[in-house]
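# Structural features, examined
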Amino acid sequence: MSLLEDRNAIYLFTAYGVFLGGMIVYALSLWWRKRQLDRDAALLDELEREEQAGKRS
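Notes on the structure follow.

## Observations regarding the overall build of the protein chain
Along its length, the protein chain carries one helix and zero strands. At 24 Å, the protein chain has a C-alpha radius of gyration far larger than the 10 Å of a compact globule built from 57 residues. Along the first, second and third principal axes, the C-alpha atoms of the protein chain reach 80 × 10 × 5 Å. Accessible surface for the protein chain amounts to roughly 5,600 Å². Of this, 64% is attributable to carbon and sulfur atoms. When the 8 positive and 9 negative side-chain charges of the protein chain are each reduced to one mean point, those points stand 2 Å apart.

Encoded structure:
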């Protein structure tokens, strides 16, 4: 009997799909959060430079 003939194979494929889907969503979430943090860090650096330039003037 092959794997595709097994009556429970659909549950195996569904479980793998859910697991891989969850991992993909998690990886995308990490990527999105890092992107937002990099943007925030750049904004804070720019504000700090403007503040330092204002104190010198």
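And the narrative resumes.
## A word on a nonpolar patch on the surface
A contiguous nonpolar surface patch, about 850 Å² in accessible area, is contributed by Leu3, Leu4, Leu12, Phe13, Tyr16, Phe19, Leu20 and Met23. Of note, Phe13 is situated in helix α1 (residues 9–56).

## Observations regarding the pattern of salt bridges
A complete count under the given rule lists two salt bridges for this structure. A salt bridge links Asp38 to Lys34, with the shortest nitrogen-to-oxygen separation between them at 3.0 Å. With a gap of four residues between them, Asp38 and Lys34 both fall in helix α1, about one helical turn apart. Taking the shortest distance from any N to any O, the salt bridge between Lys55 and Glu51 comes out at 3.7 Å. Placement of the pair is Lys55 and Glu51 together in helix α1, with a separation of four residues, close to one helical turn.

## Here's the deal with the environment of Leu3
Mapping Leu3 onto the fold places it in the segment before α1. For Leu3, the residues in contact, after removing those within four places along its chain, are Ala9, Leu12 and Phe13.

How each quantity is defined
Residues numbered from 1 in each chain as written. Predicted model: local features only at pLDDT ≥ 70, side-chain atom pairs only at ≥ 80, totals over all residues. Heavy atoms only, no water. Helix = DSSP H or I, 4+ residues; strand = E, 2+ residues; numbered from the N terminus. Rg over C-alpha atoms; globule rule 2.2 N^0.38 Å. Areas by Shrake-Rupley, 256 points an atom, 1.4 Å probe, with all protein chains shown as cover. Lys, Arg positive; Asp, Glu negative; His and termini not counted. Charge placed at Lys NZ, Arg CZ, Asp CG, Glu CD. Patch = residues over 30% accessible without salt bridge, like charges linked within 9 Å, V, L, I, M, F, W, Y side chains within 5 Å. Salt bridge = Lys/Arg side-chain N within 4 Å of Asp/Glu carboxyl O. Contact = heavy atoms within 4.5 Å.

Interpretation in functional terms is not warranted from these geometric data alone.
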